[in-house]
Amino acid sequence: MPLTRVRSIALFVAAAAVTTFASQSSPVNRPWPPGVQTVSDQSPPLAPEEALKTFFMPPGYRVELVAAEPLVQEPVALDWDLQGRLWVVEMPGFMADITGSNEHEPIGRVVVLEDTNGDGRMDKRTVFADGLVLARSVKVLDRGVLVAEPPNLWLMRDTNGDLRADAKELVSDHFSRREGDPQNAGNGFPWAIDNWMHTAGETDLELRLKNGKFEFRKTVDQGEWGVTEDDAGRIYRNTNESALHVDVVQTHYFARNPNLLRMRGSYERLADDNPELNVVWPVRPNPGTNRAYQKGIDRPDGSLEKFTSVCAPVVYRGDRLPADVYGNVFVAEPAANLVSRIALADADGTLTARKAYDRGEFLASTDERFRPVYIANGPDGTLYVADMYRGIIEHRISVTTYLRDQILARKLDRPTGYGRIYRVVHETTSRDTAVWPQNATADDLVGLLSHPNGWRRETAQRLIVERHLTSAVPALTKLTHASDWRARLRALWTLDGLDAIEPAMVTAAMEDDSRYVRRAAVQMAERWLADGQQGITSAVLKRIDDPDADVRRQLAASLGLLPVDQRDSAIASVLERYADDGITLDAALSSVAGREANVLDRLASADQTPQREAAIAMLSATIVRAADDAKAQALFAAAADGNRSAWVRSAVVRGAEIALLGAPMPGSKRVPTVARPADLPCPTCPGGRAGPGGAYAFQRPGDPTIVDPSRRRGPLLRLQQEPLPLTRLASSSGDLSSRATALLARVTWPGKAGEKAVAPLTPEEQQRFDTGREIYRNICQPCHQPDGRGQEKLAPSLLSSAFAVARPEIPARILLNGKEGSIGLMPPIGSALSDDQIAAVLTYVRREWGNDASPVDAAIVKGVRAQTASRTRPWTDAELKALQ
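The rules behind each value
Residues numbered from 1 in each chain as written. Predicted model: local features only at pLDDT ≥ 70, side-chain atom pairs only at ≥ 80, totals over all residues. Heavy atoms only, no water. Helix = DSSP H or I, 4+ residues; strand = E, 2+ residues; numbered from the N terminus. Rg over C-alpha atoms; globule rule 2.2 N^0.38 Å. Buried < 20%, exposed > 50% of the residue type's maximum accessible area, 1.4 Å probe, protein only. Contact = heavy atoms within 4.5 Å. Areas by Shrake-Rupley, 256 points an atom, 1.4 Å probe, with all protein chains shown as cover. Salt bridge = Lys/Arg side-chain N within 4 Å of Asp/Glu carboxyl O. Pairing = 2+ DSSP bridges. Axes fitted to C-alpha atoms, helices over the stretch in contact; angles between N-to-C directions. Parallel < 35°, antiparallel > 145°, perpendicular 65-115°, else oblique. Left-handed = near helix turned anticlockwise from the far one by under 90°. Nonpolar A, V, L, I, M, F, W, Y, C, P; charged D, E, K, R; others polar.

This paragraph deals with the overall build of the protein chain. The helix and strand tally for the protein chain stands at 26 helices and 33 strands. The C-alpha radius of gyration computed for the protein chain amounts to 28 Å, which stays within 12% of the reference 29 Å derived for 884 residues, consistent with globular compactness. Considering only C-alpha atoms, the protein chain reaches an extent of 90 × 75 × 50 Å along its principal axes. The buried share among the 884 residues of the protein chain stands at 62%. Considering only contacts in the protein chain between residues 6 or more positions apart, those separated by 24 or more positions represent 66%. Carbon and sulfur atoms form 51% of the exposed surface of the protein chain, whose accessible area is close to 32100 Å².

See below:
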């Protein structure tokens, strides 16, 4: 029978029910760790009850089937409403066949699943919204349902109570892109403790609901699929081969300065000190991964060795699984048919991560069609897993020839239209089946801010803020003095969301025993910093000597809100103390966009210290990266000024070397494994890029050199006139002379001797270039990165690439048929792009980032396509070199 609504808040908190589903759950207490099992070469679809038998979990754990086809099909995202109904985004348009033929047909849906008889399994389906194209995220709000359908972000409403959307409002038409790989498109929307809905993937927007209206702020796109937070409000994302990244400093701060060379603190890679974090332990061989043909991808037993499609991170913050699981991060690896558990430790201000099990995973299946793509905390205190249940999990743009052959040979392309949702429970689990109190008062909701289940805490905060319940202020103010730092922190952020926070509260919070509360208080103080309020400004500046590094790092970012006349001196004070910490250094640089020279001069007037040297070098590098003629000329004049201290001149030159020659950056202990956005390159990284959002892997002592100088260098600095101070410096004697000479090789200006003239593009070619830029962003950018610098072990740099700038027939062959190389396989995209499109994207690549090769005409591509029509394998380096 239907669950009875609980109107008493006391009953709500206490109510719980124990439900068992022996006939619809996976086996328990199998041998552990399980090892790789013997399986058939074929992977036919299994009925849900048979699929349950394929799971292996640690002792005591099992999964229960919550929903399966036809009730749910191709699920990719989950959310819950106050009635305990499960909202699901279905993506049937994703790779319905090997060619992805119906990708942009309006067949996507948002459905609502209900358990009408209280047995723990969904039995009713309602289509809330259909006719969607590759919709990918959903967030149930009090005033409607937020749905991401890139490039559109909709607020949909049911106005008559039938659970079907009959009204929708366009919130944004710039939320990611529709073209390109949908796996990379923007997604997200968890309502975080700071009242912002953070995002992942290719979107530079975050949003919040303030006084009934959506507000946006710019950020830098990072991660790929999924975003989550911990109790302290730290944001986590991941991508492909890298299991987990964290924002020590929130990424939106770095969007303020488009000339940064890196973003330490944003998207910090947690595998840096523990490479084993990226090792996986499937229970079956994994031949059907995109690069399984490459040595080192699979183990000798055929199982995947490291993550290749990790996604959907979620911090477990429920209360119905064993206590040692709380605060752990769960991530999905659909290519290896598993869910991994990562344990976090936060000691002495250093966040570390490790795999929870030795040679085992939290949830792994021998069924190749088990494709976990989303994980969510539930209102019942457990954990939910969405399984697309299909053969193809890679998008057509990235499918290698090897994987295509695997799919067709083993019939993984059919059938589609399946889907399962599972609940993770333990033998000690007692699910919380209490219904949300529909008539809860403001004080009731404040009480729920301390509930042991994070989902209920978050929901209570959202409702207070979304409904603007100012009557909750007295109770919230009292809660700011709670004994638990988590309760104090959430109360403060809820007051902030109501605009009811007071300077005195924030000032007091900056003295809190909890470093998490102090850090948040600095962030909350930003609303007053721009006004120059002396009391709050003084309290913030006192944190410059906070004993916790993360508080100081937040301070470096928040000081960017100060008035200019106070900002420069404050940032200089931070840098002269802590510029040897790369995170603090980059956060401070984000705060001084356009005023780097002013801060540099302040530091240069003091005595030499390692911190000042590091700060001046990075300030100089940022100035060079901006490519502003006047500022670059002034910087070179400073480097050549004999009246300046020798250490200052050397640090300035060092900055130019960082920007133009790829010299190591101070505070960079890491080399990248994945890449980041175009406006923030990393010349010292493999391919010149950091991870999405700026991740840098720590380069440990003894690591071999990863990149050669030709790949480490930055783009040319194009000036309007000759940098005479730098030229004179190069003509002088001493160490700075040779260093200036090396820099001049990367600086160009009209009439520079020895440089060949490059014919400007005609109007028609310029249009082709512009079209190619958009194609590149949609298709090429995820691997080769926005600045063309590529990614380690995935995609080569396109800067001065011998093949990219060769005669046009060479790169045309690569795009049409693919290319096998030492870094990886470039999949063929000839079937996805027309001759005109290939000509356009090649024209863009051959004229961007300092490349100066000829534009490409569609007739050339057409001819090459005809010549290579019978080719079924990618080109090799040797074959292409023979054609040059």
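With that out of the way, let us pick up the environment of Pro452. The residue Pro452 is located in the loop between α4 (442–448) and α5 (454–466) in this model. Among the residues examined, Pro452 registers a relative accessible area of 43% and is labelled partly exposed. Distance in space between the C-alpha atoms of Pro452 and Gly381 is 8.8 Å, their sequence separation being 71 residues. With residues near it in sequence (within four places) discarded, Pro452 still touches Arg317, Gly318, Asp319, Tyr326 and Arg457.

Moving on: unusual backbone geometry. The omega torsion across Trp32 and Pro33 is -10°, close enough to zero to call that bond cis. Put simply, Glu69 and Pro70 share a cis peptide bond, and its omega is 5°. Checked against the element boundaries, Pro70 lands in the loop between β2 (61–68) and β3 (75–80). The backbone of Tyr389 shows a phi angle near 45°, a positive value even though the residue is not glycine. Looking at where Tyr389 falls in the secondary structure, it is placed in the loop between β25 (383–387) and α3 (401–409).

Let's shift gears to the environment of Leu448. Relative to the elements of secondary structure, Leu448 occurs in helix α4. Along the primary structure Leu448 and Leu476 are separated by 28 residues, whereas in three dimensions their C-alpha atoms are 11 Å apart.

For the coordinates displayed, the defined rule picks out 72 salt bridges. For the salt bridge of Arg515 with Asp346, the shortest nitrogen-to-oxygen distance reads 2.5 Å. With Arg515 in helix α9 (residues 515–524) and Asp346 in strand β21 (residues 338–347), the pair connects residues that are 169 residues apart, well separated along the chain. You can call Arg515 buried: its relative accessible area is 15%. Overlapping salt bridges, with partners in common, bring together Asp230, Arg234, Asp346, Arg515, Asp548, Asp550, Arg553 and Asp581 in one network.

This part covers the sheet that holds β2. With antiparallel pairing, the 4 strands of this open sheet are ordered in space as β2-β26-β25-β24. Looking along the sheet, the strands with just one partner apiece sit at the ends: β2 and β24 (372–377). When the angles between neighbouring strand axes are averaged without regard to direction, this sheet yields 25°. Summarising the sheet, β25 and strand β26 (residues 420–426) pair through 5 bridges and their orientation is antiparallel. When the bridges of β26 are listed, Ala386 appears paired with Ile421.

Turning to the packing of helix α23 (residues 809–817) against helix α25 (residues 858–867), a few remarks are in order. In a pair of packed helices, the angle between the axes and the distance between the axes together describe the arrangement. Between α23 and α25, the shortest axis-to-axis distance is 9 Å and the interhelical angle comes to 60°. Here α23 lies oblique to α25, going by the angle between them. In terms of crossing hand, the pair formed by α23 and α25 is right-handed. Contacts between α23 and α25 involve Glu809, Ala812, Arg813 and Leu816 from the former and Ile860, Val861, Val864, Arg865 and Gln867 from the latter. Among the residues making up the contact of α23 with α25, the classes are represented as 5 nonpolar, 1 polar and 3 charged.

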